[in-house]
Amino acid sequence: MGKVGIIGVGQTAFVRGYPGSIRELVFEGFKDAMEDAGISNDDIDATVVCSAPEYDKQRSPAGVFAEYLGLTPQPTFYVESLCSSSSTGLKLAYSLVKSGLHDVVAVLGFQKMSEISSAESQERMGRGADIQWESPFGTMMPAYYAMFARAHMATYGTTPDDLALIRVKASTYGQINDKAVYRKPVQFEMFSNPESPMSNPVASPLRVGDCCANADGSSCVIVASEEKAKALSKDPVWILGLGAASASVNLAGRDLFTGLRVAQQAAKQAYDMAGITAADVDVAEVHDCFTIAEMMAYEDLGFAKPGEGKELIRARETYKEGSIPVNVDGGLLSKGHPIGATGGSQIRTIVLQLRGRAGDMQVRDPEIGLIHNIGGVGLYGNVTILGR
Amino acid sequence: MGKKKDVDTRFSRFGTVSFTSITKVNDFIDYLEQGKVMGTRCLDCGLLFFPPRADCHRCRASNMEWFEVTGPGKLITYSKLEFAPMGFGDDVPYAIAVLDYGDYKVFGRIAKDVPEEEISVGMDMRTVVNRLPDGQLNYVFQKA
């Protein structure tokens, strides 16, 4: 059985209030990937559609998109794992291709979050946690991640300033990424300036500047068998490793509050499958829905020892020129986080990096890239390793 | 006309807004009424569950007894919310937290009358039943 490659990647700009319906949103990301791949609809054997369905009025969007994109009568599948839905979609596409069932599969991630209010959105996001035992206390995603931030600070001496440094890094690249929703500069001083919205408390110890924004967007990743990839593409990128794990939805069932077990477990699987270690990774996209999430990712992925993630950001090692560049496209913090589209966007960034086509964000000559994509508060963890 | 079916929706009384009304551990609410916060213990293997469960995944059996959450637990972490999801706006600000009891952990809120400057990770806290003004029930953490 041969390798599985990625032959096309695309995404829309991530925006507030996309001026169109979800099928039109998905069309844009698909078109971008198809033009990147240079293939026709007849080359696509199946589609995998990925989103968090609570934001959609449309039930079962997969069939609707298959028709709108001109991909009927090919089969289509719908997957969700909250914020990591499109990484789960990639894993399904890999399996479909690897098994020989299909040769070329398009993974379509999307979310249109702007049709509901911010409070409604927080409530629905919060329902990605335990609705029976936790939601009745009034939970929301920033507060959950804030609890991990508090534990990380208490255990390791990480500070709110360390977290602010992560947001400043994100904005460095968000400013040069034309797909990002937040493109304004963010200065470290804003976090201590009461006049700046960045300093406003959301859920202690996290502030507005520590949180990513909701956005509308779609992404598309086209996966192909080795034979097809070589026939259809001049520069395929290969899927070297895949890892995925799940954990207790209720925080009472967790044994770790300074990191995410699912990320550690998914990383180990992906490293083992690829036959590499953390030291071999040249560029990474991590799930920075909150600054603390990126800090924990440094440690969970093995870029730093537990508690030493702060040293990486203080020394700017995760900047483009550093020893392990992380989120040099601005990350979720700058790009925004259209739940189902996020994983596909992360994959796109790494594919562009490995092809040497990331423009101003290009890292020097990377050979191996990693994507870390988390669903819920560490309910689902996905790590994908790609190589040239 | 058929007889109206009795539906046991006691669990809809849990918390500020309950998203679940029917569960096999509905007695949890009756215990809250009696001032007790209860978990379940598997009668076959002894595993403790909090929050309570009707089923033991280890034994794949449903022979449970109730046990009371008593004494102090250690505060693992907490966060004070300045914004709230829909339906909880009147409660802001409030803090959610996790206590470690050794064999199990408890997720809940810190009591409103505990001043923030007195909260620190590692401190001992107790879990106590709390009655909300509209008759809903939950539990909160008090200083031990």
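Residues numbered from 1 in each chain as written. Chains lettered and ligands numbered in written order. Predicted model: local features only at pLDDT ≥ 70, side-chain atom pairs only at ≥ 80, totals over all residues.

Caption draft 1: Molecular detail of the overall build of chain B. Scanning chain B for helices and strands turns up 1 helix and 8 strands. Along chain B, helices and strands appear, N-terminal first, in the series α-β-β-β-β-β-β-β-β. Taking the principal axes of its C-alpha atoms as reference, chain B extends roughly 55 × 40 × 25 Å. (Helix = DSSP H or I, 4+ residues; strand = E, 2+ residues; numbered from the N terminus.)

Caption draft 2: Representation of the packing of helix α5 (residues 141-156) of chain A against helix α9 (residues 291-300) of chain A in the model. All names here are of chain A. Close contact between α5 and α9 brings their axes to 9 Å; oriented N to C, the two are set at 55°. With respect to α9, the axis of α5 lies oblique. For α5 against α9, the interelement crossing comes out left-handed. Each of Tyr145, Phe148, Ala149 and His152 in α5 lies in contact with α9, whose residues at this interface are Ile292, Ala293, Met295 and Met296. Looking at the contact of α5 with α9 residue by residue, the class counts come to 7 nonpolar, 1 polar and no charged. (Axes fitted to C-alpha atoms, helices over the stretch in contact; angles between N-to-C directions. Parallel < 35°, antiparallel > 145°, perpendicular 65-115°, else oblique. Left-handed = near helix turned anticlockwise from the far one by under 90°. Contact = placed C-beta atoms within 7 Å. Nonpolar A, V, L, I, M, F, W, Y, C, P; charged D, E, K, R; others polar.)

Caption draft 3: Representation of the environment of Pro160 of chain A. All names here are of chain A. Along the chain, the position of Pro160 falls in helix α6 (residues 160-174). Here Pro160 falls in the partly exposed class, since 19 other C-beta atoms lie within 10 Å of it. Each C-alpha atom, one on Pro160 and one on Thr291, is 9.5 Å from the other, the two residues being 131 residues apart in sequence. (Buried ≥ 20, exposed ≤ 12 C-beta atoms within 10 Å, placed from the backbone.)

Caption draft 4: Quick look at the domain arrangement of chain B. Residue and element names in this part refer to chain B. Domain annotation of chain B identifies domain 1 (10-68) and domain 2 (72-143). For domain 1 versus domain 2, the distance between C-alpha centres works out to 19 Å. Each partner contributes residues to the interface: domain 1 has 15 residues there, and domain 2 has 14 residues. Taken together, the elements giving at least two residues each to the side of domain 1 that touches domain 2 come down to α1 (27-33) and β2 (48-49). Considering every element that reaches the side of domain 1 that touches domain 2, the biggest residue donor is α1, with 3 residues. Across the side of domain 1 that touches domain 2, the residue classes break down as 8 nonpolar, 4 polar and 3 charged. (Domains from an automatic or database assignment.)

Caption draft 5: Inspection of unusual backbone geometry at higher detail. A cis geometry characterises the amide bond from Ser204 of chain A onward to Pro205 of chain A, with omega recorded as 0°. Considering the arrangement of structural elements, one finds Pro205 of chain A in the loop between β5 (201-203) and β6 (206-207). Residue Pro93 of chain B is bonded to the preceding Val92 of chain B through a cis peptide linkage, with omega at -5°. Along the chain, the position of Pro93 of chain B falls in the loop between β4 (72-81) and β5 (94-100). Look at Asp365 of chain A: it is not a glycine, yet its phi comes out positive at around 50°. What makes Asp365 of chain A exposed here is the crowd of 10 C-beta atoms within 10 Å.

Caption draft 6: Local environment of the sheet that holds strand β2 (residues 46-50) of chain A. Residues and elements named next belong to chain A. Taken in spatial order, the 9 strands make up an open sheet running β3-β2-β4-β7-β1-β8-β11-β10-β9, and their pairing is mixed. Each edge of the open sheet is held by one strand with a lone partner, namely β3 (76-79) and β9 (283-285). Strand-to-strand twist across the sheet, computed as the mean angle between neighbouring axes with direction ignored, equals 25°. In the sheet, β2 pairs with β3 via 4 bridges, with the strands oriented parallel. In the sheet register, Val49 faces β3, and the bridge partner there is Tyr78. Strand contacts of helix α3 (residues 85-98): β1 (4-11), β2, β3, β4 (104-111), β7 (217-225), β8 (237-246), β10 (368-375) and β11 (380-387), with the helix running at about 170° to β4, the strand carrying the most contacts. (Pairing = 2+ DSSP bridges.)

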